[in-house]
Each structure stands twice: as C-alpha cells, then as structure tokens.
Amino acid sequence: MIIAERKPMQEILGMTAGMKKVLVLGCRGCVAVCSAGGDKEVSILSSALRLGRKMSGEKIEVLEETYVRQCDPEYLEPLRESGKDYDAVISMACGVGVNFIADCCRGVRVLPGVNTTFYGANLSSGEWKEMCAGCGSCVLHLTGGLCPVARCAKSLSNGPCGGSVGGKCEINPDVPCVWQGIYDKLTYLRQEQNLREITPIRDWRPAGHGGPRRRIREDLLS
Ligand code: SF4
Ligand code: SF4
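The structure presented is a predicted model; accordingly, all values stated were derived computationally and were not measured. (Residues numbered from 1 in each chain as written. Chains lettered and ligands numbered in written order. Predicted model: local features only at pLDDT ≥ 70, side-chain atom pairs only at ≥ 80, totals over all residues.)

Peer 1: For this particular structure, what's the right way to read the overall build of the protein?
Peer 2: For the protein, the helix and strand inventory stands at eight helices and nine strands. Projected onto the principal axes, the alpha-carbon positions of the protein cover approximately 65 × 45 × 25 Å. Taking all 222 residues of the protein together, 30% fall into the buried category. The long-range fraction of contacts in the protein, counting pairs at least 24 apart against all pairs at least 6 apart in sequence, stands at 55%. (Helix = DSSP H or I, 4+ residues; strand = E, 2+ residues; numbered from the N terminus. Buried ≥ 20, exposed ≤ 12 C-beta atoms within 10 Å, placed from the backbone. Contact = placed C-beta atoms within 7 Å.)

Encoded structure:
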C-alpha cells in the first residue's frame, strides 16, 4: 500500500494561515490503513487545527469529511461544486489524491495534509517498511522476490557493493543489505545461477524518468 504520514502541525497551520473555512478531507484507501488519513486522523487534525487557531486568537471553521477514495473521479463528484465553498480543502490522501483533486476540481484550492513516503508493507502495529518503488519493470523473478530498486540504498542491479559488511548496508549498520538477502534467498532456492548473470543497465524510463507514466487497458475503455 501507499504509506504516508501527517505533515507537522506547524506546517499545516502555516499553509492555512488567514483562512476562515476549510474542509479536512480524508480517504478510506491506503492512508486509512496506514493510519495517516482516514476518519480518525481527519478528526484529530481538525481538532488540532481548531485548537491551534484558537490559541492564536483567530477563528476558523473546520469541516470534516472522508471519501471512499480520492483517486477515483466518481467519488470526487460532490467536491467539484462544494469545494468552492472553502478557502481550501486539506486532503489527507496520498499525493495522488491531492493531484487528482487539483486536476478534476477547477476552482478548488487543495492542500496536502500528509507527506506521501513510499510503497510498503505493515511489519507490525505502527511499523511499515518500503518494499517497492514502482519502477515499472519488475525484476523480482531474478532476485528471489526481494527488491533491489527500493531496498538497496543505491538501487543496484548487480550487487552487493563493496560497502556490504556482515549482511548490513554501509549506510547504517541497522539496515540489512538487501543484496546479501538476495544472495541468501537465491542460494536457499538453488537459483544461484541468477547471481552469475550480469543484469544489463536498467532502462529507467518505465520508472518515470521518461516523464509521467500512463497505463491504458483497451479492453476496459468505455
Ligand atoms: S523491481 Fe520495480 S516493480 Fe519490482 S518490486 Fe522493485 S521497484 Fe517494485
Ligand atoms: S550495502 Fe547492500 S543494500 Fe547497501 S548499497 Fe551496498 S548493495 Fe545496496
């Protein structure tokens, strides 16, 4: 899922300075699952915003709402008109939701309420780890299912580098070297031959380095 975390309160107070009426808009997708932008977080941010403004002696009207998703036009329909009633809509969705509102709802000023961080998995309650970088050209069939793009500090296609020591990455002794993990996994699976073949230089265009990406499924087009 997409992992996000709420922006610092001071930053949100700063971006809403002088505003009299805002909508805090949550999303029940990934950001709800990672406890950054669902119903509960909308309520917490709204209260903090009211309190922050009260403490500085300024009034603000804060309304709260949560959509099923902010990355799907059918759910944004009501916002096209109602959004104009607010000085701003603070989107608690990931950056996709904020962008999509900006694209779809002309006249609506949308602000990001969270920092979108990575695609990750939930390790345990309150702990998430990056697992994929959306590179558009997956190589997990060659690496025992472990991602060298997102999980190697240098995104090496052929590793490990010379900084790998005792199974740890040179950036931090607490960070496992994923290439050590790939080696161990492929050895265990008896797929060591994958390690002997040099992976060619990666074409980063599918990763977004060639401009914004788009996917079209002709069979689903209406
Ligand atoms: S190789 Fe690319 S698509 Fe596959 S998990 Fe890694 S970043 Fe994601
Ligand atoms: S030590 Fe391992 S994880 Fe760290 S940069 Fe080198 S190959 Fe990548």
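From this point on, the discussion continues.
Peer 1: Where do I start with the site of ligand 2 in this structure?
Peer 2: Every one of the 15 residues lining ligand 2 counts as a neighbour, but Cys152, Cys161, Ser164, Cys169 and Cys177 are closest to it. Counted by class, the shell around ligand 2 contains ten nonpolar, three polar and two charged residues. (Near = placed C-beta within 6 Å. Nonpolar A, V, L, I, M, F, W, Y, C, P; charged D, E, K, R; others polar.)

Peer 1: Could you clarify how one ought to interpret the sheet that holds strand 4 (residues 88–91) in this entry?
Peer 2: Backbone-to-backbone hydrogen bonds join strands into a sheet, with any given pair of strands oriented parallel or antiparallel. Pairing in this open sheet of four strands is parallel, and the strands run 3-2-4-5 from one edge to the other. Because the sheet does not close on itself, it has two edges, and the strands there are strand 3 (61–67) and strand 5 (110–112). Adjacent strand axes in the sheet meet at a mean angle of 25 degrees, parallel and antiparallel pairs treated alike. Lying over the sheet, helix 3 (residues 39–55) contacts strand 2 (21–27) and strand 3, oriented at roughly 170 degrees with respect to strand 3. Contacting strand 2, strand 4 and strand 5, helix 5 (residues 95–104) crosses the sheet at an angle of about 170 degrees to strand 5. (Pairing = 2+ DSSP bridges. Axes fitted to C-alpha atoms, helices over the stretch in contact; angles between N-to-C directions.)

Peer 1: Sorry, what's going on with the site of ligand 1 here?
Peer 2: Around ligand 1 sit Cys132, Ala133, Gly134, Cys135, Cys138, Val139, Leu140, Cys147, Val149 and Ala150, and those are all the residues in its vicinity. Its residues placed into classes, the shell around ligand 1 shows nine nonpolar, one polar and no charged.

Peer 1: What am I meant to see in the domain arrangement of the protein here?
Peer 2: By convention, interface size is frequently given as the accessible area that disappears when the constituent parts associate. In terms of domain boundaries, the protein breaks down into domain 1 (2–118) and domain 2 (133–207). Averaged C-alpha coordinates put domain 1 and domain 2 at centres separated by 37 Å. (Domains from an automatic or database assignment.)

Peer 1: Explain helix 5 to me, please; I cannot follow it from the model alone.
Peer 2: Count 3.6 residues to each turn of an α-helix, and residues three or four apart come out pointing the same way. Burial in helix 5 covers these residues: Gly97, Val98, Phe100 and Ile101. Looking straight down helix 5, one finds its buried side chains confined to an arc of 165 degrees; they lie on one side. Buried residues belonging to helix 5 abut strand 2, helix 4 (73–82), strand 4 and strand 5. (Arc of directions from axis to C-beta.)

Peer 1: Honestly, the sheet that holds strand 7 (residues 127–132) in this entry has me stumped. Any pointers?
Peer 2: Pairing within the open sheet is antiparallel, and its three strands lie in the order 1-6-7. The open sheet terminates on both sides in strands that have one partner only, identified here as strand 1 (2–6) and strand 7. Averaged over all pairs of adjacent strands, the angle between strand axes in this sheet comes to 70 degrees, irrespective of strand direction. Bridge count between strand 6 (residues 114–124) and strand 7: five bridges; the pairing is antiparallel. In the sheet register, Asn122 faces strand 7, and the bridge partner there is Trp128.

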